[in-house]
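Examination of the molecular architecture
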Amino acid sequence: FANYCMMRRLVNIFNSHSNHSKSLVSCPKRLLNLHEYQSKGLMEKFNVNIQQFKVASNVEEATSISRSLKVDEFVIKAQILAGGRGKGHFTNGYKGGVKLTRDPKEVADIVGNMINQRLITKQTSADGVLVQRVMIAEALDIVRETYLAILMDRDSGGPVLVASTEGGVDIEEVAATNPDAIIKLPVDFATGL
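Residues numbered from 1 in each chain as written. Predicted model: local features only at pLDDT ≥ 70, side-chain atom pairs only at ≥ 80, totals over all residues. Heavy atoms only, no water.

Here the focus is the sheet that holds strand β8 (residues 147-153). Overall, antiparallel pairing links the three strands, which are arranged β8-β9-β10 in an open sheet. One side of each edge strand has no neighbouring strand; the edge strands of this open sheet are β8 and β10 (182-186). The mean inter-strand angle of the sheet, taken between neighbouring strand axes irrespective of direction, is 25°. Looking at chain direction, β8 and strand β9 (residues 158-164) are connected through seven bridges and run antiparallel. For A149, the partnering residue across the bridge sits in β9 and is V162. (Pairing = 2+ DSSP bridges. Helix = DSSP H or I, 4+ residues; strand = E, 2+ residues; numbered from the N terminus. Axes fitted to C-alpha atoms, helices over the stretch in contact; angles between N-to-C directions.)

What follows concerns the pattern of salt bridges. Evaluation of the coordinates by the stated rule reveals three salt bridges. The shortest N-O distance in the salt bridge between R85 and E36 comes to 2.9 Å. Taken together, the positions of R85 in the loop between β2 (74-78) and β3 (89-90) and E36 in helix α2 (residues 36-45) put the pair 49 residues apart, joining distant regions of the chain. In this structure, a network of salt bridges that share partners links the residues E36, K77 and R85. (Salt bridge = Lys/Arg side-chain N within 4 Å of Asp/Glu carboxyl O.)

Together, L34, L42 and F46 make up an exposed nonpolar region whose accessible area comes to about 310 Å². Tracing the backbone through its elements, the reader meets L34 in the loop between α1 (2-16) and α2. (Patch = residues over 30% accessible without salt bridge, like charges linked within 9 Å, V, L, I, M, F, W, Y side chains within 5 Å. Areas by Shrake-Rupley, 256 points an atom, 1.4 Å probe, with all protein chains shown as cover.)

Here the distance between the centres and the angle between the planes together describe a pair of aromatic rings. Applying the stated criterion to the full structure yields one aromatic pair. Looking at K99, its charged tip hangs above the ring of Y94, at a distance of 5.0 Å from the centre. (Phe/Tyr/Trp six-rings, centres within 6.5 Å; stacked < 30°, edge-to-face > 60°. Lys NZ or Arg CZ within 6 Å of the ring centre and 35° of its normal.)

Attention now moves to unusual backbone geometry. We note that N47 has phi near 65°; this positive angle belongs to a residue other than glycine. Along the chain, the position of N47 falls in the loop between α2 and β1 (53-56). On the basis of relative accessibility, which here comes to 74%, the residue N47 falls in the exposed class. Even without being a glycine, N116 presents a positive backbone phi close to 65°. Structurally, N116 can be placed in the loop between α4 (104-114) and β5 (118-120). (Buried < 20%, exposed > 50% of the residue type's maximum accessible area, 1.4 Å probe, protein only.)

Everything listed here is a matter of coordinates, which is why it stays silent on function.
Here it is as structure tokens:
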């Protein structure tokens, strides 16, 4: 697919220098990676019940959010496309990409230790991933944790629905120690589920 797209781009460049004014072929862009806050935004848009949250990209925004978000406890989560954020560490020495606080005044300090820092988890490279946004949300008491994801699966050549009643914080450990607790259902692009 990538080679096909490269060839089409070369053809399009060639065509742009010829008498043809239109490109013959375009290649689709696949924008399938969503941060947690983006997923929550989609769920909220379709009336799925979620906790209150806002997103900050700097300490000033975090301060404003901590004043306006009326919650008993905050959860502050670094937004990167990798799991294991809570157990990760930053290149500046700060520990954990998920933090809880009841004090609105602590939110800005926590965010200041995360924003524009590199977070290293077991799913990132040794260099980590730059945190450009944090989600500041209402912390909820978890009565029961489950896991549901739609992932791209190389084996089936498309999306796969992955679910578990064992929760998602340590889903890799669940997969290793109790693989029967994970359900995988490939999604066919033509027929659906």
